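Tertiary structure, described
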Amino acid sequence: MKWLILTVTLAVMSVPLGAQWLKHPTPGLPRTADGTPNLAAPAPRTADGKPDLSGIWRMNGLGYTFNIFGSQHVDMLPWAKAVRAERAANYAKDSPDTNCLPVGPRAGLFGDPIKLVQTPGLLLIVYEGTPTRQIFLDDRALPVDPNPSWMGYSVGRWEGDTLVVDTIGFNDRTWLDLTGRPHTEALRVTERFRRLDVGHIELQMTFDDPQTYTKPWTIAVEVALAPDTELLEHVCNENEKDHAHLVGQLHDDKKAEVTVAPAVLARYVGVYRAGPIGKLRALVDGGELMIEMPGGGGRHAAYATSDEEFFLPALGASLRFIKDAEGEVTHLRVTTVEGDVLSPRLLESETGTK
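The structure displayed is predicted, hence computed values, not measured ones.

A closer look at the overall build of the protein
- Assigned secondary structure in the protein consists of five helices and 17 strands.
- Total accessible area computed for the protein in this model is approximately 17,000 Å², and 52% of it derives from carbon and sulfur atoms.

Section: the sheet that holds strand β1 (residues 55–60)
- If you walk around this closed barrel you meet the nine strands as β1-β2-β3-β4-β5-β6-β7-β8-β9, and the pairing is mixed. The sheet shows a mean angle of 30° between the axes of neighbouring strands, direction not considered.
- Pairing analysis gives nine bridges linking strand β7 (residues 188–197) to strand β8 (residues 200–208), with the strands arranged antiparallel. Looking across to β8, one finds that Val189 is bridged to Phe207.

Observations concerning the pattern of salt bridges
- Under the criterion given, the structure shown has 16 salt bridges.
- With a closest N to O distance of 3.7 Å, Glu292 and Arg281 form a salt bridge. Here Arg281 lies in strand β11 (residues 279–285) and Glu292 lies in strand β12 (residues 288–292), a separation of eleven residues in the sequence.
- Judged by relative accessible area, Arg281 falls into the partly exposed class, the value being 33%.

Some remarks on unusual backbone geometry
- Not every positive phi belongs to a glycine, and Asp139 is a case in point at roughly 70°.
- Relative to the elements of secondary structure, Asp139 occurs in the loop between β4 (133–136) and β5 (153–159).
- Residue classification places Asp139 among the exposed residues on the basis of a relative accessible area of 77%.
- For Asp228, which is not glycine, the phi dihedral falls at a positive 55°.
- Considering the arrangement of structural elements, one finds Asp228 in the loop between β9 (217–225) and α4 (250–253).

Regarding the packing of aromatic side chains
- The full count for this structure, using the stated rule, is nine aromatic pairs.
- Centroid distance Phe69 to Trp217: 4.9 Å. Interplanar angle 90°. Geometry classified as edge-to-face. Of this pair, Phe69 sits in the loop between α2 (62–66) and α3 (78–89) while Trp217 sits in strand β9, and the two are 148 residues apart along the sequence. The pair Phe69 / Trp217 is uniform in exposure class, with both members buried.
- A connected cluster of aromatic rings, assembled from ring pairs, spans Phe69, Phe207, Tyr213 and Trp217.
- Above the face of the Phe136 ring, Arg140 is positioned so that its terminal group lies 3.7 Å from the ring centre.

Topic: the sheet that holds strand β17 (residues 339–344)
- On the basis of which strands lie adjacent, the open sheet formed by eight strands has the order β10-β11-β12-β13-β14-β15-β16-β17 and antiparallel pairing. Looking along the sheet, the strands with just one partner apiece sit at the ends: β10 (270–273) and β17. This sheet shows a mean twist of 30° between the axes of neighbouring strands, independent of strand direction.
- Across four bridges, the pairing between strand β14 (residues 309–312) and strand β15 (residues 317–323) is antiparallel. Looking across to β15, one finds that Leu312 is bridged to Ala317.

Brief notes about the pairing of β8
- Along β8, the buried face is formed by Ile201, Leu203, Met205 and Phe207; none of His200, Glu202, Gln204, Thr206 and Asp208, which line the opposite face, is buried.
- With antiparallel pairing between neighbouring strands as the criterion, β7 and β8 make up a hairpin whose turn holds two residues.
- Examined bridge by bridge, β8 and β9 share eight bridges and lie antiparallel to one another. Paired with Phe207 across the two strands is Trp217, which belongs to β9.

Criteria and thresholds
- Residues numbered from 1 in each chain as written.
- Predicted model: local features only at pLDDT ≥ 70, side-chain atom pairs only at ≥ 80, totals over all residues.
- Heavy atoms only, no water.
- Helix = DSSP H or I, 4+ residues; strand = E, 2+ residues; numbered from the N terminus.
- Areas by Shrake-Rupley, 256 points an atom, 1.4 Å probe, with all protein chains shown as cover.
- Pairing = 2+ DSSP bridges.
- Axes fitted to C-alpha atoms, helices over the stretch in contact; angles between N-to-C directions.
- Salt bridge = Lys/Arg side-chain N within 4 Å of Asp/Glu carboxyl O.
- Buried < 20%, exposed > 50% of the residue type's maximum accessible area, 1.4 Å probe, protein only.
- Phe/Tyr/Trp six-rings, centres within 6.5 Å; stacked < 30°, edge-to-face > 60°.
- Lys NZ or Arg CZ within 6 Å of the ring centre and 35° of its normal.

Now the structure itself:
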């Protein structure tokens, strides 16, 4: 069987440690008596009294990369539903992620580190493998007729201690999530950044594209400081492995789908810790095995190729449930182009939300 396996799942998590200032103390960071960063200290401020957003941060938005709606229900217009279905059937061959192109509005949501650099008239957002964003804070207006770009055009304004950023002018080549939800050049994204203390930013993102969706929606993203480290250069095309797998279609592979008895499916229900991916919850709904993604990523169907093996198109991964000598399921093996992640089944006391 020939499947497209999405490199994005593990690639950004597999950088080597101990190099390029990865353990360099962050200058000016408040610390406790033992030298530990004091992440609960009051948020720093700039000379003009505004909250200073500068620092290296990680967004806890992994779930939104699989489902940009989170737990909300938002209807797509008919043309958008057809586009998403076609993308799924073709194993995301045209995804910006699989073709090493910028991901646009959802940059950073996967959890890779970003750097915010704040000056009086400009906020820069620097990514490891995506073009830098410029957010202008100098009272300029958004362009009237922008040339469409991967990251759009951004202006910001302060509302009290909250920085409100409006972005327009995206091209329509990016996907709002890995499952292929599209958007048009009419997309407008509004972000609201509020630094709660040294270690935490509260971020709300509102997406509005009336040419694609029936209503705007807002997602909430936790943003945590990554102290005493630095960014690493990430070049997607270096050691790229996807193109050899860009073959086949979903309906061809589904011809090999087998029917698994309900009693067998029930044995797989549980929560598995899949390394950098996070906790995956296996459940049965309507006679199908479903995998619930972490961070509000929604439920996605996995189809069986044997009693123990399944394919999960939403993650671009094959799954195999591993049993011990007594036949009890102990692990879930998740296989992508980057390799295997052996995911232990968690005890009931360990299955809280990550």
